[in-house]
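Now for the letters of each chain:
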Amino acid sequence: MRRDAARDDEEPGAGADLGPDLESRLRDDDHQALRLWLRLLACTTRIEDQIRQRLRNDFGTTLPRFDLLAQLERSPDGLTMRELSQRLMVTGGNVTGITDQLEAEGHVVREPHPSDRRSVTVRLTPAGRRQFKRMAATHEGWIVELLAGWPPEQKTQVYELLAGLKGHLAQLDAARK
């Protein structure tokens, strides 16, 4: 049975049918936590799909390239390939491929690492910094637009609730180590 339609105890529009997504696999007797998990995934996936499409259409780029530039913009001294891989949570091969493309376009430069001859530091070029600033400003506008369905008070409430969940998950991670 589909769970896209709003239930009687939900706010109007809370389960708006936007076509099949991760929630479409739910049954009425599924646990509340499972329903919440799939709702979070469905919303995240929809937002990410919009951002991917808009980056492609407006800037001819991809979300992984944008994310790599964002990491470098936040680290003016540059990052090693390993640091980029860890921050982006992807393999070194993925980072190398993206870096190769961005370097060929003049957006990043590789420089020898100051203390490790086996490593290189990747930095934004001035052109890369300018391009990223344009993309970041537009990206922020997209996020504001995509989350405009909530008034500011609700955004604050959801943000605080998710902070509690994030803290709980960090405790679980620490307990497993």
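Residues numbered from 1 in each chain as written. Predicted model: local features only at pLDDT ≥ 70, side-chain atom pairs only at ≥ 80, totals over all residues. Heavy atoms only, no water.

A few points about the pattern of salt bridges
In the structure shown here, the tally under the stated rule is eight salt bridges. Residue E145 pairs with R54 through a salt bridge whose shortest N-O separation is 2.9 Å. One end of the pair, E145, is in helix α5 (residues 126-146); the other, R54, is in helix α1 (residues 32-59), with 91 residues separating them in the sequence. Exposure remark for E145: the relative accessible area of 47% places this residue in the partly exposed category. (Salt bridge = Lys/Arg side-chain N within 4 Å of Asp/Glu carboxyl O. Helix = DSSP H or I, 4+ residues; strand = E, 2+ residues; numbered from the N terminus. Buried < 20%, exposed > 50% of the residue type's maximum accessible area, 1.4 Å probe, protein only.)

Some points on the environment of L55
Relative to the assigned elements, L55 resides in helix α1. With 10 residues separating them along the chain, L55 and R65 place their C-alpha atoms 9.8 Å apart.

Quick look at the nonpolar core
Membership of the largest hydrophobic core comes to 21 residues, with the highest contact counts inside it found for L68, L69, L72, L84 and V108. Residues within four places of L72 in sequence aside, it is in contact with L79, L84, V108, V122, R123 and L124. (Core = buried A, V, L, I, M, F, W, Y, C linked by side-chain atoms within 4.5 Å. Contact = heavy atoms within 4.5 Å.)

Observations concerning the side chain of R54
Owing to a relative accessible area of 17%, R54 belongs among the buried residues under this scheme. A distance of 2.9 Å separates the side chain of R54 from the side chain of E145, its partner in a polar contact. Those residues in contact with R54 that sit more than four places away from it in its chain are F59, W142, E145 and L146. (Polar contact = N/O pair within 3.5 Å; in protein donor to acceptor, adjacent residues only side chain to side chain.)

Points about the packing of helix α2 (residues 63-73) against helix α4 (residues 92-104)
Two elements in contact, α2 and α4, have axes whose closest approach is 10 Å; the angle formed by their N-to-C orientations is 80°. In this view, α2 runs roughly perpendicular relative to α4, as classed from their interaxial angle. Contacts from P64, R65, L68 and L69 of α2 reach α4 at V95, I98, T99, Q101 and L102. Among the residues forming the contact of α2 with α4, the class breakdown is six nonpolar, two polar and one charged. (Axes fitted to C-alpha atoms, helices over the stretch in contact; angles between N-to-C directions. Parallel < 35°, antiparallel > 145°, perpendicular 65-115°, else oblique. Nonpolar A, V, L, I, M, F, W, Y, C, P; charged D, E, K, R; others polar.)

A closer look at the packing of α2 against α5
For the pair α2 and α5, interaxial distance at closest approach is 10 Å and the crossing angle is 110°. When the interaxial angle is binned, α2 and α5 end up roughly perpendicular. In terms of crossing hand, the pair formed by α2 and α5 is left-handed. Judged by residue contacts, F66, L69, A70 and E73 of α2 engage R129, F132, K133, M135, A136 and H139 from α5. (Left-handed = near helix turned anticlockwise from the far one by under 90°.)

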